[in-house]
Each structure stands twice: as structure tokens, then as C-alpha cells.
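# Close look at the chain arrangement
Here are the chains, one letter per residue:
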Amino acid sequence: MSIIGVISRKILSVYGESQFACQPDWIGHVWLDIWGVWDTGWYMKISQSGYTPVSLGQVISQETNIAFFPLYPLLMRLLSLVTGNEYLAGLIISNFCLIISCVYLYRLVRLDYDEDTSIKSIKYLLLFPVSFILSGVFTESLYLTLTLVCFYYARTSKWYIVGITGFFLSLTRSTGVLIILPLLYEGLMPLIRDKENLKNLKNSMHKILPLFYLSLIPLGTISFMIFNYHLTGDFMAFAHAQVMWQRHFGNPLETLLNGYHGNTGTAFEAVFAVITIFIVILFYRKIRFSYWLFCMYSLFVPLCTGIQSMPRFILVIFPIYILFADITKNHISEDLVTLSFALLQGFLMVFWTNSFNLVV
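The present account deals with the structure reproduced in this document. No experiment lies behind these values; they were computed from the predicted model shown.

### Observations regarding helix 6 (residues 86-110)
- Look at helix 6: 36 Å from first C-alpha to last across 25 residues, which is about the 36 Å you get at 1.5 Å a residue.
- Of the residues flanking the start of helix 6, the one acting as N-cap is N85, its side-chain oxygen 2.9 Å from the backbone nitrogen of Y87.

Written as C-alpha cells, this is what we have:
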């Protein structure tokens with residue numbers, strides 16, 4: 001992807017078509033600079049200078065960095081003490097998290113499927129049409145890693161790890177706190193199904209008490225809300241700031257329709273979302289209910305606020321890769337999906353690298 005990014009930027013720059021001309025050179029090397037577009041600038045500013053104190057009026061009248069959750073830029077700041085550069089730190093964090101995501105995706109899938117399906121899940125993660133974002137200075141890799149760790153240790157009943165990891169997940173993105181729903185289901189359903197345990201109060205409490213570690217998850221978001229109030233006088237400033245990115249609460253179906261009838265970028269995002277929703281609904285029996293629940297809120301919560309960046313939001317929905325691995329059992333279907341993903345990823349990399357709004 002680096003080769004595609006570098007070549008496309010050079011070619012489009014010659015013809016004056018690249019939108020990246022107005023963007024800064026992050027580190028002075030094109031093969032590294034191509035991984036920083038769109039929101040990268042916001043994470044860089046937060047990691048370098050912290051959050052900017054603003055009034056409530058400014059929150060809803062101008063773009064402010066309070067809209068971005070703090071864990072990723074904080075890690076960039078900390079690692080930059082070693083690397084000497086926040087951008088380089090961001091690249092290291094994202095790509096390290098991508099490797100960890102592959103490891104935990106394999107381990108998680110292996111709990112239910114054979115080795116071949118587990119390996120194919122990793123392949124589809126890496127070949128997904130917008131997976132190049134996982135190597136960029138964005139939160140996606142970090143969010144995906146923390147999500148997979150939460151699910152894996154919930155499946156293996158190590159709830160203290162789930163609680164701690166979930167706390168950091170809810171400091172990474174606003175939807176992170178919602179992971180408490182599928183994780184709570186994973187913890188409670190075995191107890192509900194085991195009627196003998198329900199009759200034995202002492203044994204039931206012994207198994208329920210570890211689930212209280214899940215209460216750590218909302219504390220990440222709550223702590224950021226308190227910081228929001230300290231900085232702006234508004235606990236929900238991070239949400240109210242979204243209005244400056246044309247995000248408004250509304251009907252997700254209407255969002256899809258409006259996106260389809262909009263410009264090329266929104267139409268692509270709408271089609272991307274519709275195809276994903278169709279696959280998740282059509283093959284819902286092939287994945288655990290907790291995974292399906294994660295898919296649903298990961299799709300529809302962003303759609304309730306707008307169509308923008310839907311491919312990026314979909315990227316972290318890991319059950320999609322399990323589904324593709326499971327439904328491509330024969331070589332023809334596997335080769336077809338693999339080739340389609342690879343070609344589409346290369347095509348979209350050209351647009352993303354040069355800051356066209358097809359992938360935001």
C-alpha cells in the first residue's frame with residue numbers, strides 16, 4: 001500500500017489533482033507522510049499541545065479538538081518521549097496495535113472455529129477495502145485491539161482484564177462504552193441457562209461477582225466527561241462539538257437514503273454501509289449473539305448521526321471478517337473475495353492518500 005500511496009501522490013501532484021498539497025509534511029518522508037490525512041492533524045495537535053479551553057458557544061460554532069477522545073493522542077505524547085516525534089509515535093502505535101489485533105482475532109476465532117477459518121479471518125482483516133487506515137495515524141487500530149482483547153478475555157472469563165481494557169476502550173472513542181452490552185450478555189447468559197446454578201444462590205453469586213469488573217468500562221467515558229466540564233462547562237461537549245462535522249441525531253434509514261442521493265463520497269459510504277448491514281443480517285446465525293449485538297450498535301449508532309466516515313467505522317467490526325472466513329469455504333468464493341478486496345483496497349488507497357473525500 002505504501003508503494004501505491006507514494007506513486008499516486010507523485011503522479012497526481014504533477015497533474016495538480018492531489019488534494020494533499022495543503023497538508024503539512026509530518027516527518028519529511030513521503031512514504032511515511034502518506035499515512036497522515038484528515039483527522040491526523042487533530043491528534044497531532046492534541047498530543048503536542050493538549051486540549052484547547054473553549055466556551056460552550058465555541059463548542060457549537062467552530063471545530064474544536066474536544067470532539068476527539070484522549071487515549072490515542074495521550075499515547076502518542078508518551079511514546080514521543082522516546083521517538084522524539086508525535087507523528088512517528090502514532091505510526092508505531094497503530095501498526096503495533098494492528099499486529100496485536102491479528103493475534104487476538106486469531107485467538108478469538110479459534111475458540112469456535114478451526115485453524116483455517118481463524119487464519120482466513122486475519123487475511124480478510126488485512127485485505128478489507130479500507131484496512132490501510134489501520135496503519136495510519138488514526139484510532140482504528142487501537143480501538144480494534146482493545147475490542148478484541150475485551151471479547152477474548154470475556155470468552156475466557158478473565159473479567160478483571162475485561163474491565164481494565166474496557167476502561168481504556170471507552171477513552172478511545174465515544175462508542176467504546178457500549179461494549180458493556182455484548183460483554184454483559186456473554187457473562188450473564190451462561191448463568192441464566194444453567195438453572196441449577198440459579199437455584200444455588202451462593203454458587204450464582206460466586207460467578208456473578210466477577211462481572212462487576214464491567215463497571216470499570218463507563219468510568220473511562222465518565223472521566224472524559226468530567227474533563228469536558230472542566231474545559232468547557234459542558235459534560236457533553238465532545239458530543240455537542242460534532243455539529244461542526246455535520247453530525248446531527250436522526251433516522252439511520254433517512255441517513256442512508258440521503259447519503260445515496262448525495263455526492264460521490266456519501267453515495268459510496270451509503271453503499272458500503274448497506275452491503276455490510278445486509279451481510280450481518282443475512283448471516284446472523286453464523287456468529288455469536290454478542291458479536292451480532294456489537295455489529296448492530298457499531299453500525300447504527302454512527303448512522304444515527306450521519307453517513308460520513310462509515311467505511312472507517314465499519315473497519316473495526318471484527319465479526320465481519322469471521323463471517324467472510326466462514327462463508328468462503330470453497331476456493332472459488334475465497335479467491336473471488338480475496339481478489340475483490342485487494343483490488344478495491346488498492347483503488348481506495350489512491351483516494352485516501354491524496355485526501356479525496358471518498359474515504360474520510
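### Remarks on the packing of helix 16 (residues 264-282) against helix 17 (residues 289-303)
- Axis separation between helix 16 and helix 17 bottoms out at 11 Å; the angle between their running directions is 155°. It follows from the interaxial angle that helix 16 and helix 17 lie roughly antiparallel. Considering only the axes of helix 16 and helix 17, their crossing is left-handed. Touching T276, I277 and V280 of helix 16 are W292, C295, M296, L299, F300 and L303, all from helix 17.
- Of the residues belonging to the contact of helix 16 with helix 17, the class tally is 8 nonpolar, 1 polar and no charged.

### Some thoughts on the state of the cysteines
- Summed over all chains, the structure comprises 0 disulfides.
- Left without a disulfide partner, C97 is nearest to the cysteine sulfur of C102, which lies 11 Å away.
- Look at C97 and you get buried, because its relative accessible area is 8%.
- The thiol of C295 is not disulfide-bonded; the next cysteine sulfur, from C150, is found 16 Å away.
- A residue is classified by how much of its surface remains accessible, and C295, at 0% relative accessible area, is buried.

### Some remarks on the side chain of S101
- By the element assignment, S101 lies in helix 6.
- The class of S101 is buried, set by a relative accessible area of 1%.
- Not counting residues within four places of it along the chain, the set of residues in contact with S101 comprises S141, L144, T145 and L148.

Conventions we followed
Residues numbered from 1 in each chain as written. Predicted model: local features only at pLDDT ≥ 70, side-chain atom pairs only at ≥ 80, totals over all residues. Heavy atoms only, no water. Helix = DSSP H or I, 4+ residues; strand = E, 2+ residues; numbered from the N terminus. Expected span 1.5 Å × (residues − 1). Polar contact = N/O pair within 3.5 Å; in protein donor to acceptor, adjacent residues only side chain to side chain. Axes fitted to C-alpha atoms, helices over the stretch in contact; angles between N-to-C directions. Parallel < 35°, antiparallel > 145°, perpendicular 65-115°, else oblique. Left-handed = near helix turned anticlockwise from the far one by under 90°. Contact = heavy atoms within 4.5 Å. Nonpolar A, V, L, I, M, F, W, Y, C, P; charged D, E, K, R; others polar. Disulfide = S-S within 2.5 Å. Buried < 20%, exposed > 50% of the residue type's maximum accessible area, 1.4 Å probe, protein only.

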